[in-house]
Structures are given as structure tokens and as C-alpha cells.
Amino acid sequence: MWGISPASDLLKDLILLEEEGSNCTDPINILLLCPSDPRSIIKTLAKARIRGSEKKSPALNFFIFEETHEALARHFLLLSILLDQTIPMRQRAVIFLEVFGNLMIQDKTASNIEDKGKCLVELILDGDDKLGLEGHFNLSFLKQRDLDELGSIFEFWTTSAKQNLKDTRDGILRSFYGSRYDSRGGVSDWDYHTHIKPYASIIHPIQFREWRLHGQAFEFGGASYTSENITLMRSKGCNNSKQSAKIDVATGPFLSYGIDCDRTNSFTDGLFDVANKGTGAEQHRHSATEVSVYNILSFMWEIENGENYHMKVKGDIHSGLGNYSVSETEVDSTHSLMSSGPANSNRSRMQYSFIPVSDFSKISKKKFGNFFDSVFISDSTASILENSDFYKLLKDGAVLTVETCRFDVSKETEYKEDSIEKIRNIMAQTSAVEVEDLNKTNALLKFRFKAK
């Protein structure tokens, strides 16, 4: 559904891109093991686009493995929303974040999901690309069963039948809290102050509590949230005869985009200003929602324009857009902006390949041996670091970005520290070297692999 670490540029610290005078033209292959959402794909694309404006950039091939078809389906949807240039950036950012993190969404967002669902059904089952993505989604690794499951999920998204998501989530909350259900507000506050605030105080306690209790992470102005986010439903078989929800009620969707950003000028630094410092009543002037919107706007801007996004007015996250908009007259139904404009030359050099939903340990060492330049490993798949066969997939100099359980509120602090230390100990027994401590939270550890 969503990860428990911030978005990361998976090409940062890759030697072949850092070397003086480097002009790498061979495709770069990036593997993501259960990232849960496309946050790091998006940031990597954005930063690669900026690098590509300075010199010829190599093609990027993302290989995405998830443990459920629903998680894969949300990758398709969120990427297609982000890259849909027929929608103005400001509106697109709202749609993206609502779909990404809210239980209830606006009616217009629900309509966008339905429209995208219809197009994705045709893309998956008939190969008919109406999204203007021009073959960026590589389905050749998927088995027919996987395609059928994905097609079934996308088709389910086109239904308007009420799913009673609020009642379903309440059932999940009761199971999560158990005997503490009647004290869930207090438990939420304890989890926030113990697991979230020490590392991500930009997430406001009231915002975290409201999400915990009601499932609403990102709300904007006076908008009305009356439609269910059907993408949170989990299908049971291709006939969709039974549905259940796969909903996180523990950590929340704020970490992916809402706790940090690239500081491109003093106005960006201002998003993290704290009032009343040293008084015991410190409070952030801005919120995780604003930072999330800023990040999504930045990524879209960078992908489409090949330059950094800069706020031009203090406190106004939209000020970098200027007069940027897409008018009705600019959108031609026979020639979508998704496949035109300055970003297209860059997008033609990226591809998303989806690995079948099965045991990743069975991936072909023959097909992918000495293949990957960069790998993202989620907390749920970190055990693969103990598998010696895994390292046969890596090129010399490959960068490994490992997500830890730092923000997993279901685990005790002592367990987290032991787990992070265990990862470092495992990597110390290989030929990999830790290259940096990202964000000083240890939510992500990064290593560079050296072939023996």
C-alpha cells in the first residue's frame, strides 16, 4: 500500500554516473523488491531527468516485484496519474495523494480512477494503450494468470458499487487494537510520540491521530470526501465475488513524501520552520501534507521540464508553477499530452517491467545474473540479504538501498536497533560497503557492492 521510508534517488552514489566525464549510455537496470508504492521510482525519474538535461542520459529499466497483484495494480495507477499531462500539475498532485493515502476521496478523484481503470483493462488484456504511455509498461515477464488478476482488479475499479470501506477499516482497527480499542486515541498518541515524532515531527500529532482513527491522510481546503478509495480493496480471485481490504492502520502514508524534500532554496527550508523553539511548546509552521504536495509538484516539474522546482514565494508551495497550466484547447483527444512535450524524449528512455507475483527467490539467475545496477530492498524482504545467490544478480559497483523498520510502529525500539545493526552485520560479511547514513534516521541504509 505504502512504504515505511522516504522516497530515495536510486541512482545517487552510482559510480558510473558520478565519475568525471562519465557519459554512460548502456541501460541502467533497477530492481525494487516490494517497495509498496512508486515513491523511489518517481524520485529517481525526476533526478535522472535533471541529469539528462546536462548530458546524454542512459535508458532506465525498472523491475518491480510485489507480493500481491493489488500492490502491482496501484503502481500502474499512480504512475499513470503522475504522468498524465492532460491534468494541470496542481490538480494532479491532489488526485495522486488522495488515491495514494486516503480512505475517502473526492468524487472527481473517483471518476479519474474509474477512467484510468477502463484504460488499464484494455492495456493489460488487449494491449490497447489509451493512456499515451507508449509501451513504458513492459508486461512480458508476467504470466497469463498475473495478467488476468490485474485485469480483474482494474475492471473492479470501474464499478460504482458501494464497498462499505469505513466499516471494513473499523473491523481492521478492532483487530489491530484488540482490548485497547476503546482507548485507541490514547494508543495512537503513544505510538506517535514513541515512534514518529523523534524522527518526523513534521507529521502533526492531530494529523496522525485523525488518519489512525478515520483513514484520512491528505485533505485539501473545503473539499468533500464522499467516495470510497476502491483501490484499497483486495480482490479474492478473478471473479471478484468476494472482496476484502488491505489497509494499513499502523504507520500511515506520510513517510513516502511528507517528511523531507530536496532543499533547493531558503523558501524550501522554510517548510520545516519550527515556532516557539526552546519553550516546550514547539510547533511546525507547515504540515506533512504541504511537504507531500511540494514533493509531488517537484517530481512532476522535474520530469516534465528537466530542471529543479523552486518556490518563489515564502510559504507558497505552488509558487514555483508560475502561470504553468494546461488549458482545454491544448488537449487534443487524438494526441494526448502524455505522449508529447519536452518530457517525452526522456520518458521514451524508461520502462517499467513487472515481475510475476511469486517467490522472488525463484527468479532466474541465468536471465538476471550480473544484471542490476541498483536495488531497493524493503524491510519485508530484507532477509534476502542472507541469500548468497542474491548477490549474483548484481553488477560490480551496484548500489543497494535497504529499508529498515525504523518507522514500523508495531515494533519496539530495542528490536528496531537490533534489526538495523543486524543488516549492517550481514552486509559487513559481504563485499559491500556502506556509503552513507540517509536522513540520519536509519530509515534507509545504502551500500555499494563490490564483486569478489
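Residues numbered from 1 in each chain as written. Predicted model: local features only at pLDDT ≥ 70, side-chain atom pairs only at ≥ 80, totals over all residues. Heavy atoms only, no water.

Here we look at the overall build of the protein chain
Part 1 of the argument: Of regular secondary structure, the protein chain possesses 14 helices and 14 strands.
Part 2 of the argument: The 452 residues of the protein chain split such that 57% are buried.
Part 3 of the argument: In the protein chain, 74% of the contacts between residues at least 6 apart in sequence involve partners at least 24 apart. (Helix = DSSP H or I, 4+ residues; strand = E, 2+ residues; numbered from the N terminus. Buried < 20%, exposed > 50% of the residue type's maximum accessible area, 1.4 Å probe, protein only. Contact = heavy atoms within 4.5 Å.)

Side note on helix α8 (residues 184-196)
Part 1 of the argument: Inspection of α8 places G185, V187, S188, D191, Y192, H195 and I196 among the buried residues, and these make up the whole buried set. Considered in projection along α8, the buried side chains sweep an arc of 160 degrees and stay on one side of the axis.
Part 2 of the argument: Contacts from the buried residues of α8 go to α7 (165-177), α9 (205-214) and α14 (413-428). (Arc of directions from axis to C-beta.)

Side note on the pairing of strand β11 (residues 372-377)
Part 1 of the argument: Among the six residues in β11, six count as buried, and that is most of the element.
Part 2 of the argument: Relative to β11, strand β1 (residues 28-33) is paired through four bridges, and the arrangement is parallel. Its bridge partner being in β11, L31 is matched across the sheet by V375.
Part 3 of the argument: Where β11 meets strand β12 (residues 394-403), five bridges bridge the pair, whose relative direction is parallel. Counted as the bridge partner of F372 is L394 from β12. (Pairing = 2+ DSSP bridges.)

Observations regarding the packing of aromatic side chains
The geometry of an aromatic ring pair is captured by two quantities: the separation of the ring centres and the angle between the planes.
Part 1 of the argument: Counted under the stated rule, the structure contains 30 aromatic pairs.
Part 2 of the argument: Summarising the aromatic geometry, the rings of W211 and F254 are spaced 6.4 Å apart at their centres and angled 80 degrees between planes, so their arrangement reads as edge-to-face. A residue pair is termed long-range when its members are at least 10 positions apart, and W211 in helix α9 and F254 in the loop between β7 (242-245) and α10 (266-269) qualify at 43 residues. Here the two residues W211 and F254 agree in accessibility, since each one is buried.
Part 3 of the argument: A ring pair is formed by Y391 and F449, whose centres lie 5.9 Å apart and whose planes are at 25 degrees; its orientation type is stacked. Taken together, the residues span a long stretch of sequence, with Y391 in the loop between β11 and β12 and F449 in the segment after β14 (444-448) at a distance of 58 residues.
Part 4 of the argument: One aromatic cluster is present, built from ring pairs that chain together W2, F96, F100, Y192, F208, W211, F218, F254 and Y257.
Part 5 of the argument: Lying over the aromatic face of W211, R169 brings its terminal NZ or CZ to 5.5 Å of the ring centre.
Part 6 of the argument: Its end group placed over the ring of F272, R263 keeps NZ or CZ at 4.0 Å from the ring centre. (Phe/Tyr/Trp six-rings, centres within 6.5 Å; stacked < 30°, edge-to-face > 60°. Lys NZ or Arg CZ within 6 Å of the ring centre and 35° of its normal.)

A few points about the packing of helix α5 (residues 107-126) against helix α6 (residues 144-157)
Part 1 of the argument: At a minimum axis distance of 7 Å, the contact between α5 and α6 shows a crossing angle of 155 degrees. In terms of their interaxial angle, α5 and α6 are classed as roughly antiparallel. Between α5 and α6 lies a crossing whose hand is left-handed. Each of I113, E114, G117, L120, V121, I124 and L125 in α5 lies in contact with α6, whose residues at this interface are L147, D148, L150, G151, F154, E155 and W157. (Axes fitted to C-alpha atoms, helices over the stretch in contact; angles between N-to-C directions. Parallel < 35°, antiparallel > 145°, perpendicular 65-115°, else oblique. Left-handed = near helix turned anticlockwise from the far one by under 90°.)

Describing unusual backbone geometry
Part 1 of the argument: Backbone geometry at C34 places phi at a positive 50 degrees, although glycine is not the residue there.
Part 2 of the argument: Mapped onto the fold, C34 is located in the loop between β1 and α2 (39-54).
Part 3 of the argument: The backbone of N164 sits at a positive phi, close to 55 degrees, despite the residue not being glycine.
Part 4 of the argument: Structurally, N164 can be placed in the loop between α6 and α7.

A closer look at the environment of R90
Part 1 of the argument: Mapped onto the fold, R90 is located in helix α4 (residues 89-101).
Part 2 of the argument: Separated by 207 residues in the primary sequence, R90 and L297 place their C-alpha atoms 7.1 Å from one another.
Part 3 of the argument: Not counting the four nearest positions on each side in its chain, R90 is found in contact with L297, H318 and L321.

What about the pattern of salt bridges?
When the charged atoms of two side chains lie near each other, side chains of opposite charge can form a pair.
Part 1 of the argument: Within the structure shown, the criterion is met by 21 salt bridges.
Part 2 of the argument: With a shortest N-O distance of 3.7 Å, D269 and R263 are connected by a salt bridge.
Part 3 of the argument: Judged by its relative accessible area of 36%, D269 falls in the partly exposed class.
Part 4 of the argument: Residue class for R263 comes out partly exposed when judged on its relative accessible area of 42%.
Part 5 of the argument: Between K392 and D389 there is a salt bridge, with its nearest N and O atoms 3.1 Å apart.
Part 6 of the argument: Judged by its relative accessible area of 29%, D389 falls in the partly exposed class.
Part 7 of the argument: One salt-bridge network, held together by shared partners, links K43, K47, D262 and E302. (Salt bridge = Lys/Arg side-chain N within 4 Å of Asp/Glu carboxyl O.)

Notes on a negative patch on the surface
Part 1 of the argument: Taken together, the side chains of E412, E414, D418 and E421 make up a negatively charged region of the molecular surface.
Part 2 of the argument: Looking at D418, the relative accessible area reads 48%, which means it is partly exposed. (Patch = residues over 30% accessible without salt bridge, like charges linked within 9 Å, V, L, I, M, F, W, Y side chains within 5 Å. Areas by Shrake-Rupley, 256 points an atom, 1.4 Å probe, with all protein chains shown as cover. Lys, Arg positive; Asp, Glu negative; His and termini not counted. Charge placed at Lys NZ, Arg CZ, Asp CG, Glu CD.)

Describing the packing of helix α3 (residues 69-82) against α6
Part 1 of the argument: Running from N to C, α3 and α6 cross one another at 65 degrees; their axes reach a closest spacing of 10 Å. Seen from above, α3 lies across α6 with right-handed handedness. Contacts between α3 and α6 pair H69, E70, L72, A73, R74, F76 and L77 from the former with R145, D146, E149, L150, I153, F154 and W157 from the latter.
Part 2 of the argument: Here the residues of the contact of α3 with α6 are counted per class, giving eight nonpolar, one polar and five charged. (Nonpolar A, V, L, I, M, F, W, Y, C, P; charged D, E, K, R; others polar.)

Considering the confidence of the model for the protein chain
Part 1 of the argument: On average, the protein chain scores 86 in pLDDT, and the residues at 70 or more come to 86%.
Part 2 of the argument: A low-confidence stretch, residues 237-243 stays under pLDDT 50, and its non-local contacts, those more than four residues away or across chains, total 18 contacts.
Part 3 of the argument: Within the model, the stretch residues 326-345 combines pLDDT values under 50 with 33 contacts to residues more than four positions away or in other chains. (pLDDT = per-residue confidence, 0-100.)

Some points on the environment of G186
Part 1 of the argument: Checked against the element boundaries, G186 lands in helix α8.
Part 2 of the argument: With relative accessibility at 46%, the residue G186 sits in the partly exposed group.
Part 3 of the argument: Measuring from C-alpha to C-alpha, the distance between G186 and R209 comes to 9.1 Å, with 23 residues separating the pair along the chain.

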